[in-house]
Structures are given as structure tokens and as C-alpha cells.
Amino acid sequence: MVLVDNHAAKDGAEDGTLVDFRGNPVDKSRTGGWLAAGLILGTELSERICVMGISMNLVTYLVGDLHLPASKSANIVTNFMGTLNLLGLLGGFLADAKLGRYLTVAIFASIAALGVTLLTLATSIRSMKPPECDSRKGHCIAASSQQLALLYTALYTLALGGGGIKSNVSGFGSDQFDPSDPKENKSMIYFFNRFYFCISLGSLFAVTVLVYLQDNVGRGWGYGISAGTMVLGVAVLIGGTTFYRFKKPQGSPLTIIWRVLFLAWRKRKLSYPSDPAFLNEYHNAKVPHTHMLRCLDKAAIIDDSATANENSKNRWIVSTVTEVEKVKMVLKLIPIWSTCILFWTVYSQMNTFTIEQATFMNRNVGNFAIPAGSFSFFLFISILLFTSVNERVTVRIARRLTHNIQGLTSLQRVGIGLVLSVAGMVASALVERLRRDRAIHDNFKIRAFWLVPQFFIVGAGEAFAYVGQLEFFIREAPEGMKSMSTGLFLSTLSMGYFVSSLLVSLVTKVTKGSWLKSNLNKGKLDLFYWLLAVLGVINFLVFIVFSMRHQYKVQRLSSLEDSTKELKDWKDLTLGNKEKKLGAEEKEEA
């Protein structure tokens, strides 16, 4: 593997300057552009094929082959996906602080390839699975902890690798284009479109071809192809090293956040200065000072320990107003962040219980039985459809109605997504009630295409919520913290999956397992869906309160500028009146 020399990069470039793999200033004719970006997109395509090919059909393997309870199986899947997205924060931190995006993607892609290889072994070795169920007695032996050990090792190795890729691959791809060059800046916009296309393409391939192979040929074959794809992705990424442009690590913004919080706590007993202008580097601040979260201002108080000139430059002794204000802006995102979590809790049901529903329904089209996991195809088709419709129809209509160039603000998009998630759970509950009643009373399996509405509605919700959340966290983040803010967005996905696991465990305990059973015909899954719908309504009402109180960064800065201008005008007017008064008095005396 050819590694980027970080020391050479430091010597050969200033902050923000792109360099080649030797650390020299880039030659645009030989590096970057679509060739480099295309190779990077291949890595994302491989990661998506692996992750979606596993997560969308894993619950059927856990219940059908390992004979685990449906609730435990659902939690294994959601914990895996939650951990994968949460580890995106670790990948982003390592890339920003030390390794850079290229090394982080290359290392974590190799870890992901190892994880899916271990998963292939875990599902292929016969001793890793319990004996088949006794059809006469209807008795099944669940997989032991020893048999699950290799499976868990494989899943969380893949989660570690996938998290490192997810948080850095899009940023590394965008580094291949120079935003100051009009032609390359236009290409960068197309890059993000094609990046999303690769995600969708990989997901569609996974839920159709790979899921079919897993169910009809063998798990080992399905996961083996995923492993081969990931190894190929790593080889392509490393093979293109000489074509890439690299941006040296700038240091993690998380360090600034911890430092400001630490200093604010350490100086909590100090008194506020009589004038904010006495705060450290107040007049040189790149972000205007605000009075919100005033307790954090204490981090910028110049006390006895910071009076010496050399100490005033030590950021572990005193912070600057700019750093404090950036941390305030990040903390203001937390209320909206908290209300975005439940959407992904609802979305996670599309990977777990909805797939399990399909196994109890008629999936035949002629003589062909559609794999249960392949019904996720309708989810991704809905996402692609509504993403296109939103940009070409919804936004244009909204522009005419609101006279806003954005059409829909980022929080309005999120709100629509939350409403659709509630509607999706209502549809899920009604379909499950119908399915169970027909199965119990008429001994009849309704067609699995009844699941399409819930896939379609939740997919439409993601088209609004995903774009809205991503736009919100990127636009509202302070400069220099946008990568971390993207990680904050990914953590909403992570927390959504973990909340799903928590709810499943609580519901199973409170209902003593009567709602969520492995045999859905004996359970009450529809009540669990109704519970999610009610929680969704409450969450939406809280979101409305927070969003009405939120002031967008552009509005806030504009308001501060207006206030500053008004204060300046008032001072000028006051001074002018004083000068006139003094002039009049002088004339009188003369």
C-alpha cells in the first residue's frame, strides 16, 4: 500500500491546500477529477452492497436458521446497524485528527472486508448452526452462545469497517474537485448526485440478487459475493492512490468542544465581566458574540492563570470567543437532533419486523417465490422516486407558495418525513391486523404485496427526512465543524436503531412476550406498530415546538448585523446631537 506522507504534506502545503500522494502541490491535469472520484465511488458501492445485503435479510437467518426469538433477532439487527452508524463518529475523528480521509477509508474498508469474510465462514460452517427443527414435535433448539460468537465477531468487525467508510468516503470524493474552479465546482454537484445513486444502486442489487442467492442458493454464496466485492473495492481504492488529491488532517473539532466545556466548568465560579468586550479575542472573533448559553462564555474569561501573554495563547487555559460561539452553535442543534431519532426507529422496522411479516405471507408470483428480504426493493424505489419528485415538483410548487428560493426549509422537510413515518406505522398496523386475522380465522395467507404501502410511505418519508436532516446539520454547523456535524447526523440513525432495540426489549418484558413472538400469528405485532405511531405523534409535536424556536444561522447572523448597525446608527446620532448642542452653546457664549 502506498501511504501519504503527512509530514511532507505539512511541509509542502498550507492549511486547506490539496497535495498529491508524495505531499507536493497537486497537478490538476494528473490528479483528481472524475477518474479519481469514480474509483472512490467504487468503494462506497462495495460497502453498500455488503451492509444492505446483510442487514435487509439477516433477521430471516436468525429466526429461520439459528432459531432465535423474533424480538432477539430484531435487536441483533438494529444493534448492528446502530453500532455501524455510531462508529462513523470514530472514523470521522481519526480522519480529522490524524490519519486523513484516504488512510481512514483504506484501513476501514480492509476491516470491513475481513468482517464480511468472517460472516461468510460463520454462515457456511455447519457446526456454527443448531440442528434443524423437529417437524413432528415442533421443537427447535436455538443457537448457543458459542455458535453465535463468530457471528457477533463478524458483524461488529463489519460495523467498525463500515462506520469508518461511511463518515469519510463522500468527503474524500469531494476533495477530488476544486470548488474555486467553476468547472470542477459544477462537477462536485454531480458527484453528490452520483454518490447517492451508487448508494441506491448498491442497495437495489443487494435486496434483489444477493437476497435471492442467500435464500435459494446458500448464505455462504450470498455473503461470499459480498466479501469478494469488498476486497475488490479495497484493491481499486488502493490502486488509484497516485490519482488522488489529499487534504492533510486539520485536527478534530471535537477537541475544541471538549476544551470549551472543560474550561467553562473549571471557571464556573468566576464572575462574568462587566462588558463582553473583555472576553478573550472578542474584537477578533470570526463569529459574532451572542448571549445564549451564557455559561459557556466563562471559558473565554481571562483570569489570573491567563494574564501572561504566553498563557493567553494556550487554549487549555483560555478559549477564544470564536471557539465558544462555535460550540454554542453545535449545542443549539441538539434539540432538533433529539427529535430526529424516532424517525430512524420507525425506519429500522423495515429491516426487521416488516421482513418477518413477509415470511408469513404469500410471496409467490406464479411458480416463483420472492425472497422476503427482496420486498425492501419497494422501499428503495420509493426513496429514488420521491427524491426526484421532491426536486422537480414539490420544491417548485413550494417556491410559488412560500416565495422562498429554497421552497421547503430543511426543518419543513424533516417535519414532512416525521408525519409520513407515523402514517407508515399506521399502515403497518392495519396490514398486520388483516394478515393475522385471515391467517387465524380463515387459515389463509394474504399476498405479501400488501406490505408495499408501508414500504412506500416510509420510503417517501426518508426522501424528505434524510435530505432535510443532512441539509440542516451541514448548513447550521459552524465553519470547520461540518464533518463533525455530518457525524452528528449519522448518530441520529445510530440512536434510532438503539431506541428500537430498547423498545423491543421493554415491550417484550412488559407484555411478557405476548406482543412480539417468533410466530407472528400468535403475537400482536400490530399493537407494537400502534405504539410507534403514538410515540411518533408525540415526537412530532415536540419537534414543532423546537423548530418554531430555532433561528437559522443565516437569520441569526443577519439579526446580529442589523442590531450592530442599529447600535452604530444610534451612537452616531447621539454623538451628532451632542456636537450640535455643544456648537449651539458655543455660539450662545460668543
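Residues numbered from 1 in each chain as written. Predicted model: local features only at pLDDT ≥ 70, side-chain atom pairs only at ≥ 80, totals over all residues. Heavy atoms only, no water.

## With respect to the overall build of the protein chain
For the record, the criterion: By definition, any uninterrupted DSSP run of H or I lasting at least four residues is a helix, any uninterrupted run of E lasting at least two residues is a strand, and each is numbered from the N terminus. To be clear on the numbers: accessible area is Shrake-Rupley with a 1.4 Å probe, and residue cover counts the displayed protein chains and nothing else.
The number of helices and strands found in the protein chain is 20 helices and four strands. Put simply, the protein chain shows about 27,800 Å² of open surface, and 62% of that area lies on carbon and sulfur atoms.

## Regarding the confidence of the model for the protein chain
Low-confidence regions, as indicated by low pLDDT, have predicted coordinates that should not be scrutinised in detail. For the record, the criterion: As a per-residue measure, pLDDT reflects the predictor's confidence and takes values from 0 up to 100. The contact criterion used is simple: two residues touch if any of their non-hydrogen atoms lie within 4.5 Å.
Confidence in the prediction for the protein chain averages 82 pLDDT; 86% of positions are at 70 or higher. For the protein chain, helix α1 (residues 6-12) is the element with the lowest average pLDDT, namely 37, and helix α19 (residues 525-549) is the one with the highest, namely 95. Low confidence marks residues 566-571, where pLDDT is under 50. Its contacts with residues over four positions away, or in another chain, come to zero contacts.

## Looking at the packing of helix α4 (residues 70-99) against helix α6 (residues 145-166)
Test applied: The axes used here are C-alpha line fits, helices contributing only the stretch in contact, and every angle between their N-to-C directions lies in the interval 0 to 180 degrees. Crossings are assigned a handedness: left-handed for a near helix turned anticlockwise from the far helix by less than a right angle, right-handed for a clockwise turn. Side-chain classes are defined by residue name, with Ala, Val, Leu, Ile, Met, Phe, Trp, Tyr, Cys and Pro counting as nonpolar, Asp, Glu, Lys and Arg as charged, and the others, Gly among them, as polar.
Interaxial distance between α4 and α6 falls to 7 Å at its minimum, and their mutual angle equals 35 degrees. Pair α4 / α6 crosses with right-handed handedness. Contacts between α4 and α6 pair Lys 72, Ile 76, Asn 79, Phe 80, Thr 83, Leu 84, Asn 85, Leu 87, Gly 88, Leu 90 and Gly 91 from the former with Leu 148, Tyr 152, Leu 155, Tyr 156, Leu 158, Ala 159, Leu 160, Gly 162, Gly 163, Gly 164 and Lys 166 from the latter. Class assignment for the residues of the contact of α4 with α6 results in twelve nonpolar, eight polar and two charged.

## Quick notes on the side chain of Thr 492
Spelled out, the test is: Nitrogen and oxygen atoms within 3.5 Å of one another constitute a polar contact, given that in protein one can donate a hydrogen and the other can accept it, and given that sequence-neighbouring residues count only through two side-chain atoms.
With respect to the helices and strands, Thr 492 occurs in helix α18 (residues 482-510). Engagement of the side chain of Thr 492 in a polar contact is seen with the backbone oxygen of Phe 489, the distance being 2.5 Å. Beyond its immediate chain neighbours, meaning those up to four positions away, Thr 492 contacts Trp 337, Cys 340, Ile 341, Trp 344, Gln 469 and Phe 473.

## Focus on the packing of aromatic side chains
Here is the rule we go by: Two rings belonging to Phe, Tyr or Trp (six-membered ring only in the last case) form a pair when the distance between their centres is within 6.5 Å. Interplanar angles under 30 degrees mark stacking, angles over 60 mark edge-to-face geometry, and anything in between is tilted. The buried label applies to any residue whose accessible area, calculated with a 1.4 Å probe on protein chains only, is under 20% of its type's maximum; exposed applies above 50%, and partly exposed to all values in between.
This model, assessed by the stated rule, comprises 21 aromatic pairs. Between the aromatic rings of Phe 375 and Phe 378, the centroid separation amounts to 6.2 Å while the plane-to-plane angle is 35 degrees, which identifies the pairing as tilted. Assessed through its relative accessible area of 2%, Phe 375 is described here as buried. The interplanar angle of 80 degrees and the centroid separation of 5.3 Å between the aromatic rings of Phe 472 and Phe 473 together place this pair among those described as edge-to-face.

## Examining the side chain of Asp 175
The residue Asp 175 is located in the loop between α7 (169-174) and α8 (182-216) in this model. When its relative accessible area of 7% is taken as the criterion, Asp 175 is described as buried. Looking at Asp 175, its side chain comes within polar contact range of the side chain of Arg 101, at 3.0 Å. Residues contacting Asp 175, with those up to four places away along its chain left out, are Leu 18, Arg 101, Arg 245 and Lys 247.

## A short note on the pattern of salt bridges
Counted only if it meets this: Between Lys or Arg on one side and Asp or Glu on the other, a salt bridge is scored when a side-chain nitrogen of the former is within 4 Å of a carboxyl oxygen of the latter.
Taken as a whole, this structure holds twelve salt bridges when the rule is applied. For Asp 27, the salt bridge goes to Arg 30, with nearest N and O atoms at 3.8 Å. Note on Asp 27: relative accessible area 35%, which makes it partly exposed. Asp 175 is the salt-bridge partner of Arg 101, the closest N and O atoms lying 3.0 Å from each other. Of this pair, Arg 101 sits in helix α5 (residues 101-124) while Asp 175 sits in the loop between α7 and α8, placing them 74 residues apart in sequence. Via salt bridges that share partners, Arg 101, Asp 175 and Lys 247 belong to a single interconnected network.

## A few points about helix α2 (residues 33-55)
The α-helix winds at 3.6 residues per turn, so residues separated by three or four positions along the chain end up facing the same way. Our working rule: Each helix should span, by expectation, one fewer than its residue count multiplied by 1.5 Å.
End to end, α2 covers 33 Å across 23 residues, agreeing with the expected 33 Å (1.5 Å per residue, within 8%). Across the 23 residues that make up α2, a large majority, 18, are buried.

## Here we look at the environment of Leu 237
Take Leu 237: it is sitting in helix α9 (residues 219-239). Note: C-alpha distance between Leu 237 and Leu 39 (198 residues apart in sequence) is 5.9 Å. When neighbours within four sequence positions are excluded, Leu 237 is seen to be in contact with Ile 40, Thr 43, Tyr 102, Val 105, Ala 106, Phe 172 and Tyr 244.

## Things to note about unusual backbone geometry
For residues that are not glycine, phi is negative in most cases, and the peptide bond is trans in most cases. The phi angle at Leu 293 is positive, at roughly 45 degrees, despite the residue not being glycine. Note on placement: Leu 293 falls in the loop between α10 (253-266) and α11 (309-312).

## Structural notes on the packing of helix α13 (residues 334-348) against helix α16 (residues 410-441)
Each pair of packed helices gets described by two things: the angle between the helix axes and the distance between those axes. It is the contact of α13 with α16, at a shortest axis distance of 10 Å, that shows an interaxial angle of 35 degrees. Crossing angle aside, the handedness with which α13 passes α16 is left-handed. Between α13 and α16, the residues in contact are Ile 336, Thr 339, Cys 340, Phe 343 and Val 346 and Leu 411, Val 414, Gly 417, Leu 418, Ser 421 and Met 425, respectively. Taken together, the residues of the contact of α13 with α16 break down into eight nonpolar, three polar and no charged.

## What to know about the nonpolar core
Selection criterion: Take the buried residues of types Ala, Val, Leu, Ile, Met, Phe, Trp, Tyr and Cys, join any two whose side-chain atoms come within 4.5 Å, and each joined set is a nonpolar core. All domain edges in this entry derive from an automatic or database-based domain assignment.
Formed by 121 residues in total, the largest nonpolar core has its most connected members in Ile 54, Leu 62, Met 230, Tyr 244, Tyr 347, Phe 353 and Phe 528. Residue-level mapping places this core at the junction of two domains, with at least three residues from each of domain 1 (17-251) and domain 3 (327-552).

## Structural notes on a positive patch on the surface
Spelled out, the test is: A patch consists of residues exposed above 30% relative accessible area that lack any salt bridge, with like charges linked at up to 9 Å and nonpolar side chains (Val, Leu, Ile, Met, Phe, Trp, Tyr) linked at up to 5 Å. Under the counting rule used here, the positive set is Lys and Arg, the negative set is Asp and Glu, and His together with the chain ends is not counted. Charged groups are reduced to one reference atom each: NZ for lysine, CZ for arginine, CG for aspartic acid, CD for glutamic acid.
A surface patch of like charges, here positive, comprises Arg 392, Arg 396, Arg 399 and Arg 400. Position of Arg 396 relative to the elements: it lies in helix α15 (residues 377-402). According to the relative accessible area criterion, Arg 396 is exposed, its value standing at 52%.

## A few points about a nonpolar patch on the surface
Residues Leu 385, Val 389, Val 393, Ile 397, Leu 401 and Phe 456 make up a contiguous nonpolar surface patch of roughly 510 Å² in combined accessible area. In terms of residues, the nonpolar patch owes the most to one element, α15, which gives five residues.

## A closer look at the environment of Ile 341
Structurally, Ile 341 can be placed in helix α13. Take Ile 341: its relative accessible area is 10%, and that puts it in the buried class. Taking the C-alpha atoms as reference points, Ile 341 and Tyr 497, 156 residues apart in sequence, are found 8.5 Å from one another. Apart from residues lying up to four places away in sequence, Ile 341 is in contact with Thr 492, Met 495, Gly 496 and Val 499.

## Looking at the environment of Phe 93
Assignment of secondary structure puts Phe 93 in helix α4. Between the C-alpha atom of Phe 93 and that of Asn 168, which follows or precedes it by 75 residues, the distance is 9.9 Å. Apart from residues lying up to four places away in sequence, Phe 93 is in contact with Lys 98, Ser 252 and Leu 254.

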